[in-house]
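Residue-level listing of the chains:
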Amino acid sequence: MRRRRARLLCSLLLTVVAGAGTAASSASASPASPWSSRSSSASAPDSAAAAPTPLDRVVPAPASVRPAAGSYAIRPDTRIRVSGSDGSDGSARSARRVGDYLAQVLRPSTGFSLPVTTRSGDEGIRLRLTPKAAGARTLGEEGYRLQVTGRAITLTARGSAGLFHGVQTLRQLLPASVERTTRQSGPWRVSGGTITDVPRYAWRGAMLDVSRHFFGVDQVKRYIDQLALYKINKLHLHLSDDQGWRIAIDSWPKLASHGGSTQVGGGPGGYYTKDDYREIVRYAASRELTVVPEIDMPGHTNAALASYAELNCDGVAPPLYTGTEVGFSSLCVPKEVTYDFVDDVIRELAALTPGPYLHIGGDEAHSTSHEDYVAFMDRVQPVVAKYGKTVVGWHQLTGAHPAKGAIAQYWGTDGSEKEVADAAKAGTQLILSPANRAYLDMKYNADTPLGQSWAGYVEAKQSYDWDPGTYIKDAPESSVLGVEAPLWSETLRTSPQIEYMAFPRLPGIAELGWSPASTHNWDEYKVRVAAQGPRWDAMGIAYYHSPQIPWPNG
Ligand code: TNX
């Protein structure tokens, strides 16, 4: 009964979202938007009054948890003590940056001043970045240790990413109301004990399709903040497709000005200036995410073909496209100008991108012959290397000749593709995004008002319950670099719509990427993810109330 009411409420809310224009979807609009479930959960029992959250009630599940007696309470006079190593490795600055971030999270809801200080002390919240400490060696760049006693919370890491991920764990150990932006009553207690945590995989990605519908910088930042909560470390931006070219390229200006001028359904579209893109990269880095830009080629290129007639084999520019069909466009493989274009685009994009990866797409090239596809990839992959980047491509690349070091992103469903396994055996690393598990744009069920269903319905359990290490038949487990959750935007226009599709599935994919396989257990996971619901309410995240998950607030 409660569930049915929750579902009804959900679909009502969705009707509101579906009708909301893009203006209502900017980051700043969210906390106060009619979407936020703040008011509905304000009357829920205050979880802060209950026992503090057990140390293992965290998503992704930590690698090791040792509970101990007692707890630490953040108080009005608590300080955040940051320290780096004595050397000039920048660790002191990084520790301060993470300390400032933690303070920003905690100050509004606690109402405490929480000064960030480099003064040492054996009490308070202590963030220690010790790149060379012997005891920290096993933590790697992304791992952390969180020790909680009655006197102090001590977070130790070797890299700023580890410290930052540890802060995300600490947030989840505090009452959900800590995420609110107005003063709450507390108390702010954290259970005693030690968490030692390292990721299973190096690649824990999320992809946002900004081509089918364009999302502005603030919307992307809002999503970055949500990804960071679950220790996602790659933001893959699908920057071009048939419906829109979304990044300014100086040497081919019409790509953005014309190719970016519309979107699915014929709206105004948009594109990132180079400064916009730099700002996204900077913000992502401040949340320990690396941006992976994608220019999809040789198919999915109508927006480019519409912008420059010479890129077409017949020399005629097609009209802009605002539908949702795929597979009808192709760059002209035999023409030399195609490679001038590709070189210029990759050069400018590589120069803007500090991360080591550049994604060249390569999926659904149904209008390119196999021979042309192979010839195109043989010419284009070395261009990516020439500009100092590592090739990432959709797994169709494994049907051509993946360059040495190239990474293939798997988006099939059952893991049976022989060419993918063969490439993996020959050294190609794999990112797993099986469409019937990891695609966040698939409908949850027949009633989901957004999304697609070509890979089936993907409920929360279906999305979580698989093993990336063994998913591709006959691929060595060591070839798996990690996982990624793509969010295609044919049906999505607003931040609440992004959130409805991403939550609760995204945290499940994040857990597959982070947590040891030994922790994998749906019945335990569903309880941990249920505890995220009140946090999402507090943050104004418009999530899907999956009936498979025992939400504490219905
Ligand atoms: C397949 S997955 C696509 C996209 C669509 C998506 C919709 C992949 C590499 N290509 O072009 O947007 O399905 O679910």
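Here's a quick rundown of the structure. (Residues numbered from 1 in each chain as written. Predicted model: local features only at pLDDT ≥ 70, side-chain atom pairs only at ≥ 80, totals over all residues. Heavy atoms only, no water.)

## Regarding the packing of aromatic side chains
Part 1: Under the criterion given, the structure shown has 25 aromatic pairs.
Part 2: Residues Tyr-464 and Trp-522 carry aromatic rings whose centres are separated by 6.0 Å and whose planes lie at 50 degrees to one another, so their mutual orientation is tilted. Residue Tyr-464 is located in helix H13 (residues 460–464), and its partner Trp-522 is located in helix H16 (residues 522–530); the two are separated by 58 residues in the primary sequence.
Part 3: In this structure Tyr-464 comes out as buried when scored by relative accessible area, which is 1%.
Part 4: For Trp-522, a relative accessible area of 8% puts it in the buried group.
Part 5: Ring geometry for Trp-466 and Tyr-471: centres 5.0 Å apart, planes at 65 degrees, overall edge-to-face. Here the two residues Trp-466 and Tyr-471 agree in accessibility, since each one is buried.
Part 6: Through successive ring pairs, a cluster of aromatic residues spans Tyr-230, Phe-503, Trp-536, Tyr-543 and Trp-551.
Part 7: It is Lys-234 that lies over the ring of Trp-203; its NZ or CZ is 5.3 Å from the centre.
Part 8: Here Arg-379 stacks its cationic end above the ring of Tyr-339, 3.9 Å away from the centre of that ring. (Phe/Tyr/Trp six-rings, centres within 6.5 Å; stacked < 30°, edge-to-face > 60°. Helix = DSSP H or I, 4+ residues; strand = E, 2+ residues; numbered from the N terminus. Buried < 20%, exposed > 50% of the residue type's maximum accessible area, 1.4 Å probe, protein only. Lys NZ or Arg CZ within 6 Å of the ring centre and 35° of its normal.)

## Digging into the pairing of strand S6 (residues 152–157)
Part 1: Burial within S6 is extensive, with 6 of its 6 residues counted as buried.
Part 2: Inspection of the sheet shows strand S4 (residues 124–129) paired to S6 by 6 bridges, in the parallel sense. Each bridged residue has a counterpart across the sheet, and for Leu-127 the counterpart in S6 is Leu-155.
Part 3: In this antiparallel pair of consecutive strands, strand S5 (residues 144–148) and S6, the connection spans 3 residues. (Pairing = 2+ DSSP bridges.)

## Digging into the pattern of salt bridges
Part 1: Summed over all chains, the structure comprises 26 salt bridges.
Part 2: One salt bridge connects Asp-467 with Arg-200, and the closest N-O pair in it is separated by 3.0 Å. Separated by 267 residues along the polypeptide, Asp-467 in the loop between H13 and strand S17 (480–487) and Arg-200 in the loop between strand S7 (188–197) and strand S8 (203–209) bring together distant segments of the chain.
Part 3: With a closest N to O distance of 2.8 Å, Lys-418 and Asp-422 form a salt bridge. Of this pair, Lys-418 and Asp-422 both sit in helix H11 (residues 418–425), 4 residues apart, which is roughly one turn of the helix.
Part 4: One salt-bridge network, in which partners are shared between bridges, spans Asp-209, Arg-212, Asp-241 and Glu-490. (Salt bridge = Lys/Arg side-chain N within 4 Å of Asp/Glu carboxyl O.)

## Here we look at the sheet that holds strand S2 (residues 80–83)
Part 1: Ordered in space as S1-S7-S5-S6-S4-S2-S3, the 7 strands form an open sheet in which the pairing is mixed. What marks the edges here is a single partner per strand, and that holds for strand S1 (64–74) and strand S3 (116–117).
Part 2: As judged from the 4 bridges shared by S5 and S6, these two strands associate in the antiparallel manner. From the neighbouring strand, Leu-146 faces S6, where its bridge partner is Leu-155.
Part 3: Helix-sheet contacts for helix H3 (residues 91–110) involve S1, S2, S3, S4 and S7, and the interaxial angle to S4 is about 150 degrees.
Part 4: Against the sheet, helix H4 (residues 160–173) engages S4, S5, S6 and S7, with an angle of about 145 degrees to S6. (Contact = heavy atoms within 4.5 Å. Axes fitted to C-alpha atoms, helices over the stretch in contact; angles between N-to-C directions.)

## Concerning the pairing of strand S16 (residues 429–432)
Part 1: The sheet contact formed by strand S15 (residues 407–410) and S16 spans 4 bridges and is parallel. Paired with Gln-409 across the strands is Ile-431, a residue of S16.
Part 2: At this point the chain moves from S15, through H11, to the parallel S16, and the crossover so formed is right-handed.
Part 3: Relative to S17, S16 runs parallel, the two being bridged by 3 bridges. Bridge pairing in S17 places Leu-430 opposite Val-480. (Right-handed = clockwise from strand over helix to strand, strands pointing away.)

## Regarding unusual backbone geometry
Part 1: In the segment running from Val-59 into Pro-60, the intervening peptide bond is cis, with an omega of -5 degrees.
Part 2: Within the secondary structure layout, Pro-60 lies in the loop between helix H2 (38–42) and S1.
Part 3: With an omega dihedral of -5 degrees, the bond running from Met-297 to Pro-298 counts as a cis peptide bond.
Part 4: The residue Pro-298 is located in the loop between strand S12 (290–297) and helix H8 (302–307) in this model.
Part 5: Even without glycine at this site, Glu-288 takes up a positive phi of about 60 degrees.

## A word on the side chain of Gln-263
Part 1: By the element assignment, Gln-263 lies in the loop between helix H6 (254–257) and helix H7 (274–286).
Part 2: Taking the relative accessible area as the measure of exposure, Gln-263 reaches 8% and is therefore buried.
Part 3: A distance of 2.8 Å separates the side chain of Gln-263 from the backbone nitrogen of Phe-214, its partner in a polar contact.
Part 4: Look past the residues within four positions of Gln-263 in its chain and what remains in contact with it is Ser-211, Arg-212, His-213, Phe-214, Gln-243, Arg-246, Pro-268, Gly-269 and Thr-322. (Polar contact = N/O pair within 3.5 Å; in protein donor to acceptor, adjacent residues only side chain to side chain.)

## Digging into empty space enclosed by the protein
Using a probe with the size of a water molecule, rolled over the atoms, empty space left in the structure can be pinpointed.
Part 1: Scanning all chains against the criterion turns up 1 cavity of 30 Å³ or more.
Part 2: Considering only enclosed or pocket space, the largest cavity measures out at about 40 Å³ in volume.
Part 3: Where the lining of the largest cavity is concerned, the elements lending two or more residues are H4 and helix H17 (533–539).
Part 4: For the lining of the largest cavity, the element with the highest residue contribution is H4, accounting for 3 residues.
Part 5: Class assignment for the residues of the lining of the largest cavity results in 3 nonpolar, 3 polar and 3 charged. (1 Å grid on protein atoms, 1.4 Å probe; cavity = no way out; pocket = protein on both sides within 12 Å on 5 of 7 lines; lining within 4 Å. Points joined across faces, edges and corners; volume = space filled by probe spheres on them. Nonpolar A, V, L, I, M, F, W, Y, C, P; charged D, E, K, R; others polar.)

## Points about the site of the ligand
Part 1: Within the structure, the ligand sits among 13 residues, and Arg-212, Tyr-439, Asp-441, Trp-454 and Glu-490 are positioned closest to it.
Part 2: Arg-212 places a side-chain nitrogen or oxygen 2.8 Å from an oxygen atom of the ligand.
Part 3: In this structure, Trp-454 approaches the ligand through a side-chain N or O atom, which is 2.8 Å from an oxygen atom.
Part 4: Residues that form the shell around the ligand fall into these classes: 6 nonpolar, 2 polar and 5 charged. (Near = heavy atom within 4 Å.)

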